[in-house]
Amino acid sequence: MFLSRFAVAFYPAAIALVLASMAGQSLAQSATIEGTVTENGSGTPIGGATVAVSDPANFRQTWTTSTTNAAGEYTITVNMQAGETRDFVIEAAGPDHAPTRYNYTGNLPCFFNCGPGGEIAVTEGSKLTSIDLSLDTGGRVSGTITDADTGNPLPGAGVSLITPDLAQYSFEFSGIAQSGGAYTTALAVEPGSYFLQASGGGANYVTQAWDGYPCEFGVCPIADSDELTISAGSVAGGFDFALEPGASLSGNLHPDDIEKLIFLYNAAGQVLAIDFMFAGDLPETAWSFDGLAGGSYYVQLGPRTGQSSFIRILQNGLLCPWSGCERARGTPLSIPAGAGLSLAPITLDEGGQVEGTIIDANTNLPPTGVPADAQLGNYDIIDAGGAVVGGGRIVEEGGDIVMQTSSAVPAGDYHVRTYSEFRADGIGHEGINSSEAIDGYMDAIYPNIPCAGIDCDLAAAGTVSVTTGNTTSITIEIETGSTISGRVVDQATSVPIPDAVVRVLNAAGDTIARAMTDGAGEYRFGALPAGNYFVRTSMSGHLGPGHSGVQNAYFDRLHGASGSCSEALCDPATASAVTLDGTNDQSLGDLEVTSGPVISGQIIDLAGGFPVPRGAIEVFTDTGDFVGRYKVNFATARYQTTALPPGTYTLVPDVSPAYSGVSPSGGTTPSATSSSKLANGGFTVVMGEEDVDADLQVVDQSVDRLFSDRFSEAQ
């Protein structure tokens, strides 16, 4: 079965929902569910209530609905396969009555179908009766939706409700604008606080959060918009939206005969939407995105699968063969608000690929003790300059340790190592992206050079020749080594600290490898070669570009050092070296860390008023010494430093080449580069003994000059 072509906003469950709905439509048999819906307390029948049957395994997917008659009665027919038994959840809500779920008394994040709870088993051919629900009084929302330029009503546009926990009610609760632009949400919800979001209902308008915040494709930091209050027994009115006409971006991608994915990213590199071209769509080549707010954008164009022989690229010609490559780099596309941009046709180049096996260097056999079908992380393909440009998965298959076919890279000579930079997955320890490990073995770079994860001697390594249209098979030999383990605890309480990053350093302070503590505060580095190493915490650190990072308000600690330190200011010369012989393991005991003041905040994009959920803050001392790079946490859109000693610091936001910093006096500074960050200015923060909150302002350089003028006046 082929999917028809569609474009989808980047919600994690979106593809699953489409597949689930199609699967539901193909079922031919049925079962019946009956019951009544009444008002809680009085028992009065509720006519016109919506009853929804859902499969909780498919998050947010409503299987089918029915409406109660004047007596509050409903009958629902559920399509099922012959002989099938399936768990369903039953929910109901009315225009004046808040939703509830049958057989469930807990707190659901939203309705209809926001997860499991209260399931009932339904068997094909059966009839379930007395599935009764009682509803409390709820409230609704009303307002108008108009065109911001003309003031004309936008019939068909709609609003959706989102809870303070950021769960979105299903479309049955939405409000759809009528011919005059007025809307009222269809079903009541529980009294309380909510966020509200309006979209064009298929027309080319920019989605907007209440009150006046643009949200492209519904990818929106909604928690930073304004809340509204809904009361029982009333319709909260006056929630009017004036939607801005959307900008458009389109183009054509070749070759015609391959399945394709086109990803749209905003100026910060956050994915906004995907356009799919599957087998049933071919030879289609045209792609498009509407509803853009205008500004800077990046587009990734490539084959549907990462194992294709064709190379993914960005719209600016930069290669992006690695799934972990940074998209927001180089020159972005600039699209004015409300405008349209059509790119020249782009044809993907074919590249070469790598595959292989991993064996024990001493036995020439696969390492023993690896579980069947183990997922062992990924391997990296590295170019002559040391940059990761591709990679693939490492798995156990039939007793072998297999390097599955990689993504395609341009023809040339490369290094290949068993370690993956994306989430710091090494073969010798379990990582975020791997569920098992080749215990006791060291990472290696082709053909047989041991390396400690991040740090590999490229000069000593061999190269792998990749040719266009071909797959090069290799074998990497690995050896056993020594592990380093220990625990991170709060010095004052001895309480273990989970999810803290720990680094292995060389004498120069360069990071050799990273690991993360578990729930007991324990960490373990997969095997390392013989040598002298230094170990320290990274209390506001991250494992790699695929890891959002952790933020702990503690000073760092070097193993064997007498005092605390902060990130790059930690000097290995003050610590004790950990000497490994390549055979015996080292347990270091506890790294005791102390709490202290931190700098935290957000990077604010002034065009929309929302925080940017990607990027980092780089911190320098008043003498220009680099302290650390603190990644913005995607979930919270906040950064946080480690604990810092009193002093004056310069903070430089680093999001993408599309952004400039906005100084406190209202001027802008160019996008920072590694050699000019301090020269381009930054934000000065004076640190004492207390935490400091510092929001740093940036502006998309493609935004109309009027915005920049307005920002300057607002300072």
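Residues numbered from 1 in each chain as written. Predicted model: local features only at pLDDT ≥ 70, side-chain atom pairs only at ≥ 80, totals over all residues. Heavy atoms only, no water.

1. Details of the pattern of salt bridges
Point 1. Enumeration over the complete set of coordinates arrives at 14 salt bridges.
Point 2. Of the charged contacts in the structure, one is a salt bridge between R101 and E91, with a shortest N-O distance of 3.6 Å. Pair noted here: R101 is in strand β7 (residues 100–101) and E91 is in strand β6 (residues 85–93), with a separation of 10 residues, a long-range link.
Point 3. A residue is classified by how much of its surface remains accessible, and R101, at 3% relative accessible area, is buried.
Point 4. R417 is paired through a salt bridge with D380; the nearest N and O atoms lie 3.0 Å apart. Here the residue R417 occupies a position in strand β34 (residues 412–417), and D380 occupies one in strand β31 (residues 375–382), the gap between them amounting to 37 residues.
Point 5. What makes R417 buried here is its relative accessible area of 4%.
Point 6. Where salt bridges share partners, they join D55, E84 and R86 into one cluster. (Salt bridge = Lys/Arg side-chain N within 4 Å of Asp/Glu carboxyl O. Helix = DSSP H or I, 4+ residues; strand = E, 2+ residues; numbered from the N terminus. Buried < 20%, exposed > 50% of the residue type's maximum accessible area, 1.4 Å probe, protein only.)

2. Observations concerning the nonpolar core
Point 1. With 33 residues, the main nonpolar core has I599, Y639 and L651 as its most contacted residues.
Point 2. Contributing elements (two or more residues each) for this core: β22 (260–266), β23 (271–277), β51 (616–621), β52 (626–631), β54 (647–654), β57 (683–687) and β59 (696–700).
Point 3. Not counting the four nearest positions on each side in its chain, I599 is found in contact with Y639, Q640, T641, L644, L651, V685, M687, V692 and A694.
Point 4. Membership of the second largest hydrophobic core comes to 31 residues, among which are F111, A157, Y169 and F173. (Core = buried A, V, L, I, M, F, W, Y, C linked by side-chain atoms within 4.5 Å. Contact = heavy atoms within 4.5 Å.)

3. Focus on the environment of Y379
Point 1. Within the fold, Y379 resides in strand β31.
Point 2. Between the C-alpha atoms of Y379 and Q602, which are 223 residues apart in sequence, the distance is 34 Å.
Point 3. One polar contact links the side chain of Y379 to the main-chain carbonyl oxygen of Q404, over a distance of 2.7 Å. (Polar contact = N/O pair within 3.5 Å; in protein donor to acceptor, adjacent residues only side chain to side chain.)

4. Notes on empty space enclosed by the protein
Point 1. Applying the stated criterion across every chain yields a total of 3 cavities of 30 Å³ or more.
Point 2. Around the largest cavity, the lining comprises 13 residues; the ones closest to its centre are H429, D443, A513, G526 and L528.
Point 3. When residues of the lining of the largest cavity are traced back to their parent elements, those giving at least two are β41 (511–516) and β42 (522–528).
Point 4. Approximately 50 Å³ is the volume attributed to the second largest cavity.
Point 5. As for the second largest cavity, its lining consists of P303, T305, G306, S308, F310, I311, R312, P321, S407 and A408. (1 Å grid on protein atoms, 1.4 Å probe; cavity = no way out; pocket = protein on both sides within 12 Å on 5 of 7 lines; lining within 4 Å. Points joined across faces, edges and corners; volume = space filled by probe spheres on them.)

5. Concerning the sheet that holds strand β53 (residues 639–640)
In any sheet, the strands associate via hydrogen bonds between backbone groups, in a parallel or an antiparallel arrangement.
Point 1. The mixed open sheet is built from 3 strands, whose spatial order is β53-β48-β58. Of all the strands in the sheet, the pair left with one neighbour each is β53 and β58 (692–693).
Point 2. Sheet topology places strand β48 (residues 599–601) next to β58; 2 bridges connect them, and they run parallel. Along β58, the bridge assignment pairs S600 with D693. (Pairing = 2+ DSSP bridges.)

6. Considering the confidence of the model for the chain
Point 1. Averaged over every residue, the pLDDT of the chain is 89; the share at 70 or more is 91%.
Point 2. Contacts of residues 1–28 to residues separated by more than four positions or lying in other chains number 54 contacts, the stretch itself having pLDDT below 50.
Point 3. Note on residues 704–715: pLDDT under 50 across the span, and 12 contacts to partners over four residues away in sequence or across chains. (pLDDT = per-residue confidence, 0-100.)

7. Examining the packing of aromatic side chains
Point 1. Scanning the entire structure with this criterion turns up 14 aromatic pairs.
Point 2. Summarising the aromatic geometry, the rings of Y169 and Y194 are spaced 6.1 Å apart at their centres and angled 65° between planes, so their arrangement reads as edge-to-face. Of this pair, Y169 sits in the loop between β12 (158–162) and β13 (175–176) while Y194 sits in strand β15 (residues 192–199), placing them 25 residues apart in sequence. Across the pair, Y194 and Y169 agree in class, each one buried. (Phe/Tyr/Trp six-rings, centres within 6.5 Å; stacked < 30°, edge-to-face > 60°.)

8. Quick notes on unusual backbone geometry
Point 1. Backbone torsion omega between F111 and F112 reads -15°, so that peptide bond is classified as cis.
Point 2. Here F112 is to be found in the loop between β7 and β8 (120–123).
Point 3. Residue H254 is joined to P255 through a cis peptide bond whose omega torsion reads 10°.
Point 4. Inspection of the secondary structure puts P255 in the loop between β21 (247–254) and β22.
Point 5. For A424, which is not glycine, the phi torsion reads 55° and is therefore positive.
Point 6. Structurally, A424 can be placed in the loop between β34 and β35 (444–445).
Point 7. Residue A424 is classed as buried on the basis of its relative accessible area, which comes to 3%.
Point 8. The backbone of S494 sits at a positive phi, close to 65°, despite the residue not being glycine.
Point 9. Note on placement: S494 falls in the loop between β39 (482–490) and β40 (501–505).
Point 10. On the basis of relative accessibility, which here comes to 46%, the residue S494 falls in the partly exposed class.

9. Notes on the pairing of β34
Point 1. Summarising the sheet, β31 and β34 pair through 3 bridges and their orientation is antiparallel. In the strand pairing of β34, D380 is matched with R417.
Point 2. Strand direction decides the pairing type here: β34 and strand β37 (residues 464–466), joined by 3 bridges, are antiparallel. Along β37, the bridge assignment pairs G412 with V466.

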